Amino acid sequence: MRSQNQQIASPMSTVPEPQAQLAEQVEDEGRAEDASDDEGECADEGAGAGDDPAAGGYAPTPIRWSEPGPPPVADESVPRCYLIVFHIAKKHNIGTLIRSACAFGVTEVILCGRKEMNTFGAQGTVPYLRFVHFSKLAAAKDYLAGMGVKVLGVEITPDSLPLQQLLPTLPQPGRDPLPGMPRLHHVAFLLGNEGIGLTPSHLQICDHCVYIPQYGRGTASLNVATSAGIVLHHFALWAGLQEQQRQAQKFVVQEDAKVQRSSRPSIRAGEGVAPKE
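Before going into details, it helps to say that this report is about the structure given with it. (Residues numbered from 1 in each chain as written. Predicted model: local features only at pLDDT ≥ 70, side-chain atom pairs only at ≥ 80, totals over all residues. Heavy atoms only, no water.)

### Focus: the sheet that holds strand E4 (residues 150-154)
No. 1: Spatially, the 7 strands line up as an open sheet ordered E3-E2-E1-E6-E4-E7-E5, and their pairing is parallel. Here the strands that pair on one side only, and so sit at the sheet edges, are strand E3 (130-134) and strand E5 (161-162).
No. 2: Looking at chain direction, strand E2 (residues 108-112) and E3 are connected through 5 bridges and run parallel. Each residue of the ladder has a partner; that of Val109, found in E3, is Phe131.
No. 3: Sitting on the sheet, helix H3 (residues 137-145) touches strand E1 (81-86), E2, E3, E4 and strand E6 (187-191), and the angle it makes with E2 is about 150 degrees. (Pairing = 2+ DSSP bridges. Helix = DSSP H or I, 4+ residues; strand = E, 2+ residues; numbered from the N terminus. Contact = heavy atoms within 4.5 Å. Axes fitted to C-alpha atoms, helices over the stretch in contact; angles between N-to-C directions.)

### Points about H3
No. 1: Listing the buried residues of H3 in full gives Leu137, Ala140, Lys141, Tyr143 and Leu144. Within H3, the buried residues cover an arc of 160 degrees as seen down the axis, which keeps them to one side.
No. 2: On its buried face, H3 is in contact with E1, E2, E3, E4, E6 and helix H5 (200-203). (Buried < 20%, exposed > 50% of the residue type's maximum accessible area, 1.4 Å probe, protein only. Arc of directions from axis to C-beta.)

### Overview of the packing of aromatic side chains
No. 1: In total, this model carries 2 aromatic pairs according to the counting rule given.
No. 2: Centroid distance Phe134 to Tyr143: 5.1 Å. Interplanar angle 40 degrees. Geometry classified as tilted. There is no split in this pair, since Phe134 and Tyr143 are both buried.
No. 3: Centre to centre, the rings of Phe235 and Trp238 are 5.6 Å apart; their planes meet at 50 degrees, and the pair counts as tilted. (Phe/Tyr/Trp six-rings, centres within 6.5 Å; stacked < 30°, edge-to-face > 60°.)

### Focus on the pairing of E1
No. 1: Burial within E1 is extensive, with 6 of its 6 residues counted as buried.
No. 2: Side chains Cys81, Leu83 and Val85 project from E1 onto one buried face, and the interleaved Tyr82, Ile84 and Phe86 project onto a second face that is buried too.
No. 3: Sheet topology places E1 next to E6; 4 bridges connect them, and they run parallel. When the bridges of E6 are listed, Leu83 appears paired with Phe189.
No. 4: Strand direction decides the pairing type here: E1 and E2, joined by 5 bridges, are parallel. What sits directly across from Val85, in E2, is Leu111.

### Remarks on the packing of helix H2 (residues 91-103) against helix H6 (residues 224-239)
No. 1: Where H2 meets H6, the axes come as close as 9 Å, and the angle between the chain directions of the two elements is 10 degrees. When the axis of H2 is compared with that of H6, the two are roughly parallel. The segment H2 lies against H6, with Asn93, Thr96, Leu97, Ser100 and Ala101 engaging Val224, Ala225, Ala228, Gly229 and Leu232.
No. 2: Residues that form the contact of H2 with H6 fall into these classes: 6 nonpolar, 4 polar and no charged. (Parallel < 35°, antiparallel > 145°, perpendicular 65-115°, else oblique. Nonpolar A, V, L, I, M, F, W, Y, C, P; charged D, E, K, R; others polar.)

Written as structure tokens, this is what we have:
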């Protein structure tokens, strides 16, 4: 999501010069952060002292990239949700995105651009998700389109629709569209960089754009990880996903739900990129 003072751009407009300069600055900062975090890339580091393995927390978990393609067991009658991670600069946001994706039944996390990611704060959820990588956002779009997945950009534009209008859950959860709205099934959410949001070039790969309605008068936008949690939870309601069982004050974590992968990272020539070992 964009900062509070960022001007809203139409999907078909060109990028104003100040915005282009800001985009370059964000990418430079992202590269600088990559260099400083080099030692911990592709590891679920947890978040703070509470994640010390010796204290019963989460040990670092290397990410294994999956082969791009439909999940091994796919019931096409059940909507699938994909999360596209593209130029998210802050590592704690990436970790929170992954944790929310696991909680709300995301089928696959698609990493674009960066060849490595630091999942600080994912709290042990990495093994329960599929991860694929594409160097270009357009390649990810082609991959998703080939599976019938529509890309929903989460951004405020002149053509954006309220989230609940495109994915209605009232008067009861269901997948029948409202009058005049497109019929959706499998969807992927694309969220923007913390500083500049989604640029016009990013918006051009989106089939539709949605925004999260706000009701308070003191902030112009939400944190990207907060926005992701809201849209992913809303998708789960709209899709009618089955709620996970609870035990005491927590939800039950099922060890058999971990994603089965080969012993070495799976890559696809020119697209999938294996992380550092």
